Amino acid sequence: MAAARFVQELHIKDMDIHITIEAIHTIAPQVHFAPHYLSNLDDMVGVRVLTPTIYFYRPEESESQGDSIFRVMKEALVKVLVPYYPFAGRIRELENGKLEVFFDSNQGILFIEANSDATLPDLGDLSVPNPAWRKLIHSFPDEEPYKVVNMPLVIAQVTKFKCGGFSLGLRLCHCLCDGLGAMQFLSAWAETAKSKALVVDPEPCWDREIFLPRNPPRIEFEHNEFKSLEEGSNLTKCLWEGKLVQKCYKISRDYQVLLKLLAQANGELCCTSFDAMAAHVWRCWVRAMKVEPLDYELRLTFSVNARGKIKDPPLRNGFYGNVLCVACTTTTVNRLVHGSLSETARLVHEARSRISEEYLRSTIDYIDIHRPKRLEFGGKLSITQWNRFPMYESADFGWGEPVYVGPMDLTPTPQMCVFLPEGRDKEGMMLCICLTESAAHSFGTMLMEHAIQ
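First, a word on scope: everything that follows refers to the structure included in this document. (Residues numbered from 1 in each chain as written. Predicted model: local features only at pLDDT ≥ 70, side-chain atom pairs only at ≥ 80, totals over all residues. Heavy atoms only, no water.)

**Here we look at the overall build of the protein**
Keep this limit in mind: By definition, any uninterrupted DSSP run of H or I lasting at least four residues is a helix, any uninterrupted run of E lasting at least two residues is a strand, and each is numbered from the N terminus. Our radius of gyration is a C-alpha quantity, and the globule rule it is checked against amounts to 2.2 Å times the number of residues to the power 0.38. Residue exposure (1.4 Å probe, protein chains only): buried if accessible area is under 20% of the type maximum, exposed if over 50%, otherwise partly exposed. Residue contacts are counted whenever heavy atoms from the two residues lie within 4.5 Å of one another. Each accessible area is a Shrake-Rupley result for a 1.4 Å probe, and residues are judged covered by the shown protein chains and nothing else. Positive charges come from Lys and Arg, negative ones from Asp and Glu, while His and the chain ends are left out of the count. The atoms used to mark charge sites are NZ of Lys, CZ of Arg, CG of Asp and CD of Glu.
Helix and strand counts for the protein come out as nine helices and 16 strands. For 453 residues, the compact-globule estimate of 2.2 N^0.38 gives 22 Å, and the C-alpha radius of gyration of the protein, at 22 Å, lies within 12% of that figure. Along the first, second and third principal axes, the C-alpha set of the protein runs to 60 × 55 × 40 Å. Relative to its 453 residues, the protein shows a buried fraction of 57%. Put simply, of all contacts in the protein between residues at least 6 apart along the chain, 83% involve residues at least 24 apart. Of the roughly 19500 Å² of accessible surface on the protein, a fraction of 50% belongs to carbon and sulfur atoms. Side chains of the protein carry 48 positive and 57 negative charges; the gap between the two charge centres is 1 Å.

**What about the side chain of D178?**
What counts here: Residues adjacent in sequence count toward polar contacts only when both atoms are side-chain atoms; beyond that, a polar contact is any pair of N or O atoms within 3.5 Å, and within protein one must be able to donate a hydrogen and the other to accept it.
For D178, the location among the structural elements is in the loop between β9 (166-173) and α2 (179-195). A relative accessible area of 3% means that D178 is categorised as buried. Here L180 takes part through its backbone nitrogen, which lies 3.3 Å from a polar atom of the side chain of D178. Only 2.8 Å separates the side chain of D178 from the backbone nitrogen of G181, close enough to count as a polar contact. The contacts of D178, once residues within four sequence positions are left out, are R307, Y320, G321, N322, V323 and L324.

**Remarks on the packing of aromatic side chains**
What counts is decided by this rule: Side-chain rings of Phe, Tyr and Trp (the six-membered ring for Trp) are treated as a pair once their centres are within 6.5 Å; stacked means planes under 30 degrees apart, edge-to-face means over 60, and tilted covers the remaining angles. Throughout this description, the term charge over a ring refers to an Arg CZ or Lys NZ atom that lies within 6 Å of the ring centre and within 35 degrees of the ring normal.
Under the criterion given, the structure shown has 23 aromatic pairs. Centroid distance F87 to Y320: 5.8 Å. Interplanar angle 20 degrees. Geometry classified as stacked. Of the two residues, F87 is situated in the loop between α1 (65-80) and β5 (90-93) and Y320 in the loop between β11 (297-305) and β12 (324-332); the sequence distance between them amounts to 233 residues. Their ring planes at 70 degrees and their centres at 6.0 Å tell us that W206 and Y320 sit as a pair that is edge-to-face. Placement of W206 in the loop between α2 and α3 (235-241) and of Y320 in the loop between β11 and β12 is noted, with a sequence separation of 114 residues between them. For Y320, a relative accessible area of 1% gives the class buried. Here the aromatic cluster, defined as three or more aromatic residues joined through ring pairs, consists of Y57, Y84, F87, F166, F185, W189, W206, Y320, F397 and W399. Taking the ring centre of W206 as reference, the NZ or CZ of R208 above it sits at 3.7 Å. The ring of F319 is capped by R208, whose NZ or CZ atom sits 5.5 Å from the centre of that ring.

**Digging into the nonpolar core**
To be explicit about the condition: What we call a nonpolar core is a set of buried Ala, Val, Leu, Ile, Met, Phe, Trp, Tyr and Cys residues that are connected through their side-chain atoms within 4.5 Å.
In terms of nonpolar packing, the biggest core is built from 88 residues, with W133, L168 and W189 touching the most fellow members. The leading source of residues in this core is α2, at eight residues. With residues up to four places along the chain from it excluded, the contact list for W189 reads M73, A76, L77, V80, F111, A156, L168, L170 and F397. Among the nonpolar cores identified, the runner-up in size contains 62 residues, and F6, Y296, M429 and F443 belong to it.

**Regarding the sheet that holds strand β16 (residues 429-436)**
The strands making up a sheet associate through backbone hydrogen bonding, with each pair oriented either parallel or antiparallel. This is how it is decided: By this definition, two strands are paired if DSSP reports at least two bridges between them. The axes used here are C-alpha line fits, helices contributing only the stretch in contact, and every angle between their N-to-C directions lies in the interval 0 to 180 degrees.
In spatial order, the strands read β1-β10-β16-β15-β13-β11-β12; together these seven strands make up an open sheet with mixed pairing. With one partner strand each, in any of the chains shown, β1 (7-10) and β12 form the two edges of the open sheet. Recorded for the sheet is a direction-independent mean angle of 25 degrees between the axes of neighbouring strands. Across the sheet, helix α5 (residues 273-289) is in contact with β10 (244-251), β11, β12, β13 (380-385), β15 (416-421) and β16; its angle to β16 comes to roughly 20 degrees.

**Section: empty space enclosed by the protein**
Rule in force here: Buriedness of a pocket was judged along seven lines, with at least five required to meet protein on both sides within 12 Å; pockets are open sets of points on a 1 Å grid over the protein atoms alone, cavities are sets where a 1.4 Å probe fits but cannot get out, and lining residues have an atom within 4 Å of a point. Grid points are joined across faces, edges and corners, and a volume is the space filled by probe spheres set on the points. Gly is placed with the polar residues, together with every amino acid not listed as nonpolar (Ala, Val, Leu, Ile, Met, Phe, Trp, Tyr, Cys and Pro) or charged (Asp, Glu, Lys and Arg).
Scanning the model with the defined rule gives one cavity of 30 Å³ or more in all. Reported here for the largest cavity is a volume of approximately 30 Å³. Lining the largest cavity we find S127, Y392, Y404, V405, L420, P421, E422, G423 and M430. Here the residues of the lining of the largest cavity are counted per class, giving six nonpolar, two polar and one charged.

**With respect to the pattern of salt bridges**
Here is the rule: Each reported salt bridge corresponds to a side-chain nitrogen of Lys or Arg within 4 Å of a carboxyl oxygen of Asp or Glu.
Scanning the entire structure with this criterion turns up 22 salt bridges. The closest approach of N and O atoms between R371 and D368, which form a salt bridge, is 3.2 Å. Under the relative-accessibility criterion, D368 is labelled partly exposed at 36%. Residues participating in the shared-partner salt-bridge network are D43, K98, D368 and R371.

Here it is, written out as structure tokens:
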């Protein structure tokens, strides 16, 4: 059985992209509002970030489109910011550490027009997230990591290439929306650009007060996802102080099916493809990184969409705030590397199955009482699923769907792993992860071969 047909390592091209910023526009609706409440799901420490996403669009045969790209996308954004006006505000931190959105003059979002003398083929394989694309997403000099206070909540850079193609480098403040909420906002922007008139379906709904903490608060679960663990292993030091490489792999649908069958081989576990893949990646990553000591406790975390679990009261259609719970499972290095795939998949399955409306309400109360102030990296790998979102369908601005949607650079958050769709209407997935140079080769070998030995 050839592993190569199941897993393919993808080449990341090293390059230097030259761009010229032509204009920076501030776009804001001419209205003012009282401060807007953010729920504890919106302001938990893990979502205090401007999430970067890159979209690439191939050139069309029409020669008239080139000059209109900036104008059409900017004019559509002006229209969409009327119903989605909170994105034009700013975030501030109150005395108790809680965040809120406030509105004042001299705010708004940033829209950047840029040109590049490169062509899309110069950028390498557009299906492979590449840190060299970072200039296509706007950032400020000396910008602090994870800063959202007093930052624009949307930063959009459109870069036109010499070949006629273009990219959209988008940074959206995660405090205002989760992945599905971001797709809702983007879809409204794209549909408005195509129709030249405002299109919002569904109508955006704020309603963050639906997630107010309970009185009195009730913390009914351990919430290991937020707890501080002393870094008693070599893992974090290696990742944050060593030389990192970003690796990407194409995972076939057949391989995902095989992993699921192997995880269920003893007949005692009914798991999903995600449970099996997350377990396999976690085991390979820890083995390749040669984490020590063997009795050290590790954590795997991943976000779970809890929208379908909210019943009392149910969410209104159009709600675009965060409805994410962080699932967490723990085990020792020894049990992870010497145990079976089935045992690890069971841990992932149980963590995912714990997420409920009760767990979400307990999360809200836990944050309200403890208000975690920093991300905890001790012994942790976090997996983010982008392969569940309608990323391609929601991003057609009138020039066709993008040829790639996703992240570009994971190295600023080296304990993050991303599952991406292989592309539009494809059954495979992409895995993007950071490792030390010394661990990269062995990880790829284990990923491709270990589960089928």
